[in-house]
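Now for the letters of each chain:
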Amino acid sequence: MSSPPASATSNRAGLIWTALVLVYVLWGSTYLGIRIAVESMPPLASAALRFAVAGLVLAVVLRLRRGPGALRVGRRQLGSAALVGVLLLACGNGLVVLAESGPPGVAVPSGIAALLVATVPLLVVLLRTTTGDRPPGWTFGGVTLGFLGLVLLVLPTGGTGAVPLAGALTVVAAATCWSVGSFLSGRLSMPADPFVATVYEMFAGAAALAVFALARGELRDFSPAEVTARSWAALAYLMVAGSLVAFTAYVWLLHHAPISLVATYAYVNPAVAVGLGALLAAEPVTAQVLLGGAVIVAGVALVVSTERPRRPAAEAADGAATEPAHR
């Protein structure tokens, strides 16, 4: 059997790295996009609108490309996708949005939020142990290192630029919800097509977020005229760049690149988010942030580098378990 031409191999490598850069930059930038969107928008309502519109666009594209039966799934698959969507998007993403909203000193800076969400792969490893799975010892070393970095990051110092503890705990709760949803997505009867699953996850997440927003009274005195052009632009960016373009690139990567390479987004995204937050939003980057963030990223990198899927099914489950909480 002849090997593929060098030009084809080069083109494939180019496509892989193009898709990786899209995931690195676009998903890393969504944390700043969330912060800007909630400057003048109700947090949960804006997240509900984001996922409702993104889900609708994706559904229309699938319907046009694949025909009338493109979105047909069984009741069990629909229920599973809805549950995962509520955990990932309504609870996971919704809590991140809440943590990033509010005045300075209360809201969590976008870069800090990204660093805290980076603990998701570590939490998934812990969840795997509840099913009898025994990851390698180096994986547990990475988990320990990552959580040490988490403690360093949120440790109260009393100085300027300290991480708001309540907001930080909210993001940790978001990461926990995202980890549980990711863990379950590899064990429930989900739609076989990841794009179809995403449509139903987005619809379910948007519906739950809308209910939560109404329960919080977010729309009671809200007027769309009060929303700034800056916030509308940020929301549009989140819909297109975060929820459609980057996710499409991510799904393509899962089918064309090694999972160990794809999973590197988990420690590149936080670095992108911290850098953009500092450059574009003047978010403080203190020694505590640098130290705690570096330890978290090192722990995640160790987990990613020591984990190797054992079979195609495990690879698919591991890929689902590492999707970030913003999409």
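Keep in mind that what you see is a predicted model, and the values were worked out from it rather than measured.

Undergrad: Explain the pattern of salt bridges here, please?
TA: When charged atoms on two side chains of opposite charge get close, those side chains can pair. All told, the structure shown has five salt bridges when counted by the stated rule. Note that Glu283 and Arg35 form a salt bridge whose closest N and O atoms lie 2.7 Å from each other. Of the two residues, Glu283 sits in the loop between α11 (265–281) and α12 (287–306) while Arg35 sits in helix α1 (residues 6–37), which places them 248 residues apart along the sequence. The class of Glu283 is buried, set by a relative accessible area of 7%. In this structure, the salt-bridge partner of Arg66 is Asp193, at a minimum N-O distance of 2.3 Å. On the criterion of sequence distance, the pair formed by Arg66 in helix α2 (residues 43–66) and Asp193 in the loop between α7 (165–185) and α8 (194–215) is long-range, its members being 127 residues apart. With relative accessibility at 23%, the residue Asp193 sits in the partly exposed group.

Undergrad: What exactly am I supposed to notice about α12 here?
TA: The first and last C-alpha atoms of α12 sit 28 Å apart over 20 residues, in line with the 28 Å expected at 1.5 Å per residue. The set of residues buried in α12 consists of Gln288, Val289, Gly292, Gly293, Val295, Ile296, Gly299, Val300, Val303 and Val304. Packed against the buried residues of α12 are α4 (110–117), α5 (120–129), α6 (137–154), α10 (259–262) and α11.

Undergrad: Even after reading the chapter, I still don't get the nonpolar core, so can you show me in this structure?
TA: Nonpolar side chains in soluble globular proteins tend to be buried together. Membership of the largest hydrophobic core comes to 88 residues, with the highest contact counts inside it found for Leu116, Leu153 and Leu253. Among all residues touching Leu153, those that are not within four sequence positions of it are Ile112, Leu115, Leu116, Val163, Gln288, Val289, Gly292, Gly293 and Ile296.

Undergrad: Would you take a moment to explain the environment of Asn93 for this structure?
TA: Relative to the elements of secondary structure, Asn93 occurs in helix α3 (residues 75–100). Asn93 sits in the buried class, given a relative accessible area of 1%. Distance in space between the C-alpha atoms of Asn93 and Ala174 is 6.6 Å, their sequence separation being 81 residues.

Undergrad: Sorry, what's going on with the side chain of Asn269 here?
TA: Locating Asn269 in the fold gives a position in helix α11. Note on Asn269: relative accessible area 4%, which makes it buried. A polar atom in the side chain of Asn269 sits 2.9 Å from the backbone oxygen of Tyr24.

Undergrad: Looking at this model, I keep getting lost on the confidence of the model for the protein. Mind explaining?
TA: As a general rule, the predicted coordinates of low-pLDDT regions are not to be interpreted in detail. Put simply, the protein has an average pLDDT of 87, and 89% of its residues get 70 or more. Mean pLDDT across the elements of the protein bottoms out in helix α13 (residues 312–321) (44) and peaks in α8 (96). Every residue in residues 310–322 is under pLDDT 50, and counting partners more than four places away or in other chains gives 18 contacts.

Undergrad: Got a minute to help me understand the packing of aromatic side chains in this structure?
TA: Two aromatic rings are characterised by how far apart their centres lie and by the angle between their planes. Summed over all chains, the structure comprises four aromatic pairs. A ring pair is formed by Phe195 and Phe247, whose centres lie 6.1 Å apart and whose planes are at 80°; its orientation type is edge-to-face. Of this pair, Phe195 sits in helix α8 while Phe247 sits in helix α9 (residues 229–256), placing them 52 residues apart in sequence. Classification of Phe195 by relative accessible area gives buried; the value is 18%. These aromatic residues form a ring-pair network of at least three members: Trp27, Tyr250 and Tyr265. Here Arg187 stacks its cationic end above the ring of Phe183, 3.9 Å away from the centre of that ring.

Undergrad: What exactly am I supposed to notice about the packing of α3 against α7 here?
TA: Axis angle and axis distance: for two packed helices, these are the angle between their axes and the distance between the axes, and together they describe the pair. Between α3 and α7, whose axes approach to 8 Å, the crossing angle comes to 165°. When the interaxial angle is binned, α3 and α7 end up roughly antiparallel. Seen along the crossing, α3 lies across α7 with a hand that is left-handed. Seen from α3, the contacting residues are Leu83, Val84, Leu87, Leu88, Leu89, Cys91, Gly92, Asn93, Leu95, Val96 and Ala99; seen from α7, they are Gly167, Thr170, Val171, Ala173, Ala174, Cys177, Trp178, Val180, Gly181, Ser182, Leu184 and Ser185. For the contact of α3 with α7, the class distribution of residues is 16 nonpolar, seven polar and no charged.

Undergrad: I keep staring at a nonpolar patch on the surface and nothing clicks. Help me out?
TA: Residues Leu49, Val53, Val57, Val61 and Trp232 make up a contiguous nonpolar surface patch of about 360 Å² in total accessible area. Broken down by element, the residue count for the nonpolar patch peaks at four residues, all from α2. Along the chain, the position of Leu49 falls in helix α2. Residue classification places Leu49 among the partly exposed positions, given a relative accessible area of 35%.

Calculation notes
- Residues numbered from 1 in each chain as written.
- Predicted model: local features only at pLDDT ≥ 70, side-chain atom pairs only at ≥ 80, totals over all residues.
- Heavy atoms only, no water.
- Salt bridge = Lys/Arg side-chain N within 4 Å of Asp/Glu carboxyl O.
- Helix = DSSP H or I, 4+ residues; strand = E, 2+ residues; numbered from the N terminus.
- Buried < 20%, exposed > 50% of the residue type's maximum accessible area, 1.4 Å probe, protein only.
- Expected span 1.5 Å × (residues − 1).
- Contact = heavy atoms within 4.5 Å.
- Core = buried A, V, L, I, M, F, W, Y, C linked by side-chain atoms within 4.5 Å.
- Polar contact = N/O pair within 3.5 Å; in protein donor to acceptor, adjacent residues only side chain to side chain.
- pLDDT = per-residue confidence, 0-100.
- Phe/Tyr/Trp six-rings, centres within 6.5 Å; stacked < 30°, edge-to-face > 60°.
- Lys NZ or Arg CZ within 6 Å of the ring centre and 35° of its normal.
- Axes fitted to C-alpha atoms, helices over the stretch in contact; angles between N-to-C directions.
- Parallel < 35°, antiparallel > 145°, perpendicular 65-115°, else oblique.
- Left-handed = near helix turned anticlockwise from the far one by under 90°.
- Nonpolar A, V, L, I, M, F, W, Y, C, P; charged D, E, K, R; others polar.
- Patch = residues over 30% accessible without salt bridge, like charges linked within 9 Å, V, L, I, M, F, W, Y side chains within 5 Å.
- Areas by Shrake-Rupley, 256 points an atom, 1.4 Å probe, with all protein chains shown as cover.

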